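Per-entry structural report
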Amino acid sequence: MKKHNPVLISLIAVFLGLLIACIVLAVSGLNPANLFIALIRSLSGFYLLKPEQGINISYPLNWLLNSLPIILTGCSVGFAYRTGMFNIGGEGQFLVGGLAAATVATLVKLPPVVHVIVCVLAAGIAGALWGFLPGFLKATRNINEVVICVMLNYTALYLNQWAIKAFLPIDLNTKAKTTLFPDSATFFPLNFGSTSQFHWGFVIVIAALLVYWFIMEKTTFGYSLRATGLNKEGARYAGMKTKFNCTASMMIAGAFSGLAGAIVTIGVFKYGRIATAFDGYGFDGISVALVGSGRAVGILLAGLLFGLLKAAGTTFQMLGIPKEVASIIQACVLIFVAIQHGIKMLLDFLSKRKEKKLDGSHSS
């Protein structure tokens with residue numbers, strides 16, 4: 001079987017996901033064209049049905065805003081995955097990151113800019129510490145990291161509920177969140193006068209992607225991590241510190257998810273939430289990492305795609321399309337990426353068929 005570009009596989013998976021969504025809409029008696037009208041509006045702000053309205057910049061800014069946390073959780077899952085670890089604990093790391101950011105925002109008084117930076121650092125450290133335990137237990141006791149991560153997710157959920165009620169100032173009107181953070185602890189909005197909540201937190205995401213790429217592709221440490229993921233025993237035989245690599249990988253992965261918690265907490269809500277359920281960012285990160293093939297550029301593009309599907313939910317409903325269609329597309333894309341071996345076989349078949357036709361034309 002030929003070696004195919006993983007980007008091509010992902011593009012085919014996206015195309016097939018959209019195709020199935022169109023078929024579902026057509027069978028349901030809905031117009032599939034509205035799907036693309038909604039996606040174009042969320043992507044560009046231009047409404048094809050009412051071109052006289054011009055471009056509404058709130059739509060593309062909301063698309064980017066929705067993409068920021070899942071790009072970070074995608075980095076989290078992808079980083080661990082390339083080291084042979086499956087980080088399903090992004091939800092818990094996200095929650096403790098948001099809790100740490102909320103704690104620093106409400107209890108620590110610092111000047112502007114410095115306050116935001118300390119909140120972000122606290123979130124990253126909290127996420128890294130939350131990722132330490134599954135990585136350490138996997139490395140030293142060979143305990144499945146998936147089991148530990150699942151338990152830690154629920155631990156983080158209930159820790160969030162208890163810690164906010166016990167230590168942080170509560171909004172007495174709702175009793176479901178903290179008081180608003182001071183302006184010094186929140187990201188300054190970058191909405192160009194629109195109603196969007198897009199903010200300067202995108203700089204954190206870009207920096208995280210660059211760090212991800214640099215570590216994985218340009219450092220001996222990254223090479224050691226990738227070698228551990230490909231063949232743990234072979235890497236150990238070659239003298240690499242596989243136990244350290246497993247632990248460090250999960251800690252760095254946890255830091256990425258912790259940063260996602262800060263992005264949402266101090267960038268969007270601007271208060272600490274008493275979480276009663278998971279937001280789903282950690283699970284979305286699994287999809288993003290798989291579709292992006294664990295590469296920084298792939299994770300960026302996959303995060304933008306899934307962010308677009310999230311942002312388009314309201315527009316879907318305006319055009320009579322159930323917002324669950326976005327979940328259908330996401331699920332189908334993930335399924336086709338998971339069965340990429342079958343897509344490779346299809347590409348090989350089409351390639352051989354094309355070669356036979358060319359040989360036949362040359363011989364005649």
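Everything here concerns the structure above.
This structure is a prediction, so every number in the text was calculated from the model and none was measured.

Turning our eyes to something else, we now look at the packing of helix α4 (residues 90-107) against helix α6 (residues 145-167). Across the interface, α4 lies against α6 with an axial gap of 7 Å and an inter-helix angle of 15°. Comparing their axes, α6 and α4 come out roughly parallel. In the crossing of α4 with α6, the sense of the turn from one axis to the other is left-handed. Residues Gly-90, Glu-91, Gly-92, Leu-95, Val-96, Leu-99 and Leu-107 of α4 lie in contact with α6, whose contacting residues are Leu-152, Asn-153, Ala-156, Leu-157, Leu-159, Asn-160, Ala-163, Ile-164 and Phe-167. A class-by-class count of the residues in the contact of α4 with α6 yields 11 nonpolar, four polar and one charged.

Okay, the side chain of Arg-82 next. Of note, Arg-82 is situated in the loop between α3 (58-81) and α4. The buried category is assigned to Arg-82, whose relative accessible area is 12%. Side chain to side chain, Arg-82 and Glu-217 meet in a polar contact 2.9 Å long. Excluding residues within four positions of it along the chain, Arg-82 makes contact with Tyr-212, Met-216, Glu-217, Leu-225, Arg-226, Gly-229, Gly-294 and Arg-295.

With phi around 55°, Asn-142 is a residue other than glycine that occupies positive phi space. One can find Asn-142 in the loop between α5 (114-141) and α6. Of note in the backbone geometry, Phe-192 takes a positive phi value of approximately 55° without being a glycine. Structurally, Phe-192 is set in the loop between α6 and α7 (202-218).

Moving on: helix α11 (residues 281-291). For α11, the buried fraction is high: nine of the 11 residues fall into the buried class. Those residues of α11 that sit buried are Tyr-281, Gly-282, Asp-284, Gly-285, Ile-286, Ser-287, Val-288, Ala-289 and Val-291. One or two residues past the end of α11 sits Ser-293, with phi positive at roughly 60°.

The next subject is the packing of aromatic side chains. For the structure shown, the criterion picks out 12 aromatic pairs. An angle of 20° between the planes, with centres 5.3 Å apart, marks the rings of Phe-132 and Phe-136 as stacked. Taken together, the positions of Phe-132 and Phe-136, both in helix α5 and four residues apart, correspond to about one turn of that helix. With relative accessibility at 33%, the residue Phe-132 sits in the partly exposed group. Given a relative accessible area of 35%, Phe-136 falls into the partly exposed group. For the pair Phe-269 and Tyr-271, a centre-to-centre distance of 5.7 Å together with 55° between the ring planes defines the contact as tilted. With relative accessibility at 27%, the residue Phe-269 sits in the partly exposed group. Residue Tyr-271 is classed as buried on the basis of its relative accessible area, which comes to 18%.

A contiguous nonpolar surface patch, about 510 Å² in accessible area, is contributed by Val-113, Ile-117, Leu-121, Ile-125 and Leu-129. Among the secondary structure elements, Ile-125 is positioned in helix α5.

This next bit is on the pattern of salt bridges. As enumerated under the stated definition, the model contains six salt bridges in all. Between Arg-82 and Glu-217 there is a salt bridge, with its nearest N and O atoms 2.9 Å apart. Here Arg-82, found in the loop between α3 and α4, pairs with Glu-217, found in helix α7; they are 135 residues apart in sequence, far enough to count as distant. The class for Glu-217 is partly exposed, based on a relative accessible area of 32%. Note that Arg-236 is salt-bridged to Glu-233, the shortest N-O span being 2.6 Å.

Conventions adopted
Position numbers for residues count from 1 along each chain, tracking the sequence in the order it is written. Local features in a predicted model are, by the rule used here, given only for residues with pLDDT of at least 70; side-chain atom pairs are given and counted only at 80 or more, and totals for whole chains, interfaces and linings are based on all residues. The side-chain numbers reported here are obtained from all heavy atoms of the structure, hydrogens and water having been left aside. Between N-to-C directions, angles span 0 to 180 degrees; the directions come from axes that are lines fitted to C-alpha atoms, helices contributing only their stretch in contact. Under the DSSP-based scheme used, a helix requires at least four consecutive residues in state H or I and a strand at least two consecutive residues in state E, with every element numbered from the N terminus. Here the word oblique covers every angle except those under 35 degrees (roughly parallel), over 145 (roughly antiparallel) and from 65 to 115 (roughly perpendicular). By convention, the crossing between two helices is left-handed when the near helix turns anticlockwise from the far helix through less than a right angle, and right-handed when the turn is clockwise. In this description, contact between two residues means that some pair of their heavy atoms is separated by no more than 4.5 Å. Note that Gly is not counted as nonpolar here; it falls among the polar residues with everything else outside the nonpolar set of Ala, Val, Leu, Ile, Met, Phe, Trp, Tyr, Cys and Pro and the charged set of Asp, Glu, Lys and Arg. Three labels apply to residues, based on accessible area from a 1.4 Å probe with only protein chains included: buried if under 20% of the type maximum, exposed if over 50%, partly exposed otherwise in between. A 3.5 Å cut-off defines polar contacts: any pair of N or O atoms within that distance qualifies, except that in protein one atom must be a possible hydrogen donor and the other a possible acceptor, and neighbouring residues in sequence count only when both atoms are side-chain atoms. For Phe, Tyr and Trp, rings pair up if their centres lie within 6.5 Å, where Trp contributes its six-membered ring, and each pair is then called stacked (planes under 30 degrees apart), edge-to-face (over 60) or tilted (otherwise). Nonpolar side chains (Val, Leu, Ile, Met, Phe, Trp, Tyr) are joined into patches within 5 Å and like charges within 9 Å, using only residues with over 30% relative accessible area and no salt bridge. All accessible-area figures derive from a Shrake-Rupley calculation using a 1.4 Å probe, and residue coverage is judged against the displayed protein chains alone. Salt bridges are defined as contacts in which a side-chain nitrogen from Lys or Arg sits within 4 Å of a carboxyl oxygen from Asp or Glu.

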